[in-house]
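# Remarks on the overall topology
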Amino acid sequence: MEKIVILTGAGLSAESGLGTFRDEGGLWAQHRIEDVATPEGFARNPQLVHDFYNARRAQAAEATPNDAHHALARLQREFDGEVVIVTQNVDGLHEKAGSSVIHMHGALTGALCASCDHRWPAPLEMAPGQICPSCGAPQGRPDIVWFGEMPYFMDEIAEHLAGCTVFAAIGTSGQVYPAAGFVQEARYAGADTVELNLNSTDVSRAFTRHLIGPASEIVPQWVAELV
Ligand code: APR
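All of the points below concern the structure found in this document. Everything quoted here is computed from the prediction, not taken from an experiment.

### Some details on the packing of aromatic side chains
In this structure the tally under the stated criterion is 8 aromatic pairs. Centroid distance W28 to F52: 6.0 Å. Interplanar angle 25°. Geometry classified as stacked. Within this pair, whereas W28 is found in helix α1 (residues 27-30), its partner F52 is found in helix α4 (residues 46-62), the two being separated by 24 residues in sequence. The burial state of W28 is the same as that of F52; both residues are buried. Note on Y53 and W146: the rings are 6.3 Å apart at their centroids and 40° apart in plane angle, and the pair reads as tilted. Here Y53, found in helix α4, pairs with W146, found in the loop between β6 (140-144) and α7 (154-162); they are 93 residues apart in sequence, far enough to count as distant. By relative accessible area, Y53 is classed as buried at 2%. We classify W146 as buried; its relative accessible area is 2%. One Lys or Arg, R141, reaches over the ring of W146 and ends 3.8 Å from the middle of that ring.

### With respect to the sheet that holds strand β5 (residues 119-121)
The 3 strands lie next to each other as β5-β4-β6, forming an open sheet whose pairing is antiparallel. In the strand order of this sheet, the two ends are held by β5 and β6, each with one partner. Strand-to-strand twist of the sheet, defined as the mean angle between neighbouring strand axes without regard to direction, takes the value 45°. Examined bridge by bridge, strand β4 (residues 106-113) and β5 share 3 bridges and lie antiparallel to one another. Residue pairing across strands places L112 opposite R119, the latter belonging to β5. Packed onto the sheet, α4 meets β4 and β6 and runs at close to 55° relative to β6.

Cut-offs and rules
Residues numbered from 1 in each chain as written. Predicted model: local features only at pLDDT ≥ 70, side-chain atom pairs only at ≥ 80, totals over all residues. Heavy atoms only, no water. Phe/Tyr/Trp six-rings, centres within 6.5 Å; stacked < 30°, edge-to-face > 60°. Helix = DSSP H or I, 4+ residues; strand = E, 2+ residues; numbered from the N terminus. Buried < 20%, exposed > 50% of the residue type's maximum accessible area, 1.4 Å probe, protein only. Lys NZ or Arg CZ within 6 Å of the ring centre and 35° of its normal. Pairing = 2+ DSSP bridges. Axes fitted to C-alpha atoms, helices over the stretch in contact; angles between N-to-C directions. Contact = heavy atoms within 4.5 Å.

This is the structure:
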């Protein structure tokens, strides 16, 4: 049976109005990664980190899926085989379009206790000293995988990659591992590989096929070939 594994990145949500990280004027041009996306940054200044994620959480709550998200949900509904979406995005737009996804970098809608690892639905606004509803420690943090932390569901993702017949990377710059290495794992499994992006990336040469253009145009075209 055909099995498609899809890795999505911030470029998929760009046309929904959510900023990417490394494009001109992106999030990492506005904020220092070490201040807002590391455990050390959170320990140093939890208010700054909560402000950063509160703003992104509010923006994501208002955002709507674009035609690329809807096309991937259609693929999951109509494809005659298995379709697994692994997303680096934390914005929840795949779910709003009706997709089921594996959140390897966590989600803005999630809160995590830094003391007991309990997880609960994040309030729209989190603040330093957020009380954990399970252990009561004032250690609540965004359930986001920060730099230096291990992405989630890696064993499950490795199994999907080992069994896939097609691997697609959509809207990701291929600069952050382990996600940027998934294409090699798929090639070892003998899968066809396709990169869908506005531009070429650091890992373009690892893909056998490239579709260039805005995701809201090229993803529906790609899905139409498959269903
Ligand atoms: N359509 C398709 N691709 C697009 C579009 C668009 N409309 N707009 C931008 N892109 C592409 C860019 O060309 C780039 O290759 O999306 C990619 C965005 O790259 P990044 O900003 O680096 O985002 P991403 O690859 O998802 O980052 C990976 O890095 O900072 C960490 O945890 C964070 O999950 C994130 C990870």
